[in-house]
Each structure stands twice: as structure tokens, then as C-alpha cells.
Amino acid sequence: MKSKKTLVIGASTNPERYSYRAINMLVGKGHSVLAIGQKTGEVAGVKIQTKAMPVKNIDTITLYLNPVRQRDYYNYIVESHPKRVIFNPGTENPQLYQLLESNGIEVEVACTLVLLATNQY
């Protein structure tokens, strides 16, 4: 399996959060991970940034933000030119789907944890 550079938006240091589990699973499966969250911290050796940092060669962005909070990241996501964006349960956003697709970015409405667990990531 090829390592996919992944950006987690909505990252948390709280072990109860799905973003926390996703970071651990991504790292455990050998993927390169970057993370943006509300608070700084570290999960599985990945430092969580609080500001959107310039990124290159991103394969996947996986979202853990509700649609209202996603608005602040629309331009950032498009300008990052990921191959795909995964909308995890609770993050579904038809407005952002349209924006991404019109910019040639694949939209996937799925659960990152399930994709990883079933080797479909």
C-alpha cells in the first residue's frame, strides 16, 4: 500500500474524538500526517497546528469539522490541491462538494476509520 500524505482538519488531542483515532490509525498504517485543530497538541507524534499552514503534495484531506466551521477553510482546501477530500459522518456539505468538484478535486463521503480498517483508503 502506498503512503498517502493526509491532512486532518478538525484534529483533537481528545482520545474520545474520531479525529484523534484517525490520526493514530493513519500513522499506524504508515501514512504521512499533518493536522490542524482548535488547540495545539500532539497525537501519535503528529503536531497539531492551529493555523492553516501552506502544504504541498497532499493526497487526501479528511474533514472533522461541521459545515459551518468548514467555511473558513474553503479557499485553503482548494489552494492545497488535494487529490480528494473525505467528508466524515457529520461533515457532509453539498456547497463544498460543488466547489471542490469544479476545481477537479474528488469528493468522498465516507468514514476515514472504516476506509483504513477495510484497506480501502
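Asker: Can you explain the layout of surface pockets? Please cite residues and give values.
Answerer: Taken as a whole, the largest pocket encloses approximately 320 Å³ of empty space. When residues of the lining of the largest pocket are traced back to their parent elements, those giving at least two are β1 (6-11) and β2 (33-37). Examining the composition of the lining of the largest pocket, we find that three residues originate from one element, β1, more than from any other. Looking at side-chain class alone, the lining of the largest pocket contains six nonpolar, eight polar and three charged residues. Here the second largest pocket is characterised by a volume of approximately 210 Å³. Forming the walls of the second largest pocket are Gly10, Glu16, Arg17, Tyr18, Ser19, Tyr64, Asn88, Pro89, Gly90, Thr91, Cys111 and Leu113. Across the lining of the second largest pocket, the residue classes tally to five nonpolar, five polar and two charged.

Asker: Give me the lowdown on the environment of arginine 71, citing residues and values where you can.
Answerer: Inspection of the secondary structure assignment puts arginine 71 in the loop between α2 (67-70) and α3 (74-80). For arginine 71, a relative accessible area of 51% corresponds to the exposed category. The sequence separation of arginine 71 and asparagine 93 amounts to 22 residues, and the corresponding C-alpha distance is 10.0 Å.

Here is what the cut-offs are and how they apply
Residues numbered from 1 in each chain as written. Predicted model: local features only at pLDDT ≥ 70, side-chain atom pairs only at ≥ 80, totals over all residues. Heavy atoms only, no water. 1 Å grid on protein atoms, 1.4 Å probe; cavity = no way out; pocket = protein on both sides within 12 Å on 5 of 7 lines; lining within 4 Å. Points joined across faces, edges and corners; volume = space filled by probe spheres on them. Helix = DSSP H or I, 4+ residues; strand = E, 2+ residues; numbered from the N terminus. Nonpolar A, V, L, I, M, F, W, Y, C, P; charged D, E, K, R; others polar. Buried < 20%, exposed > 50% of the residue type's maximum accessible area, 1.4 Å probe, protein only.

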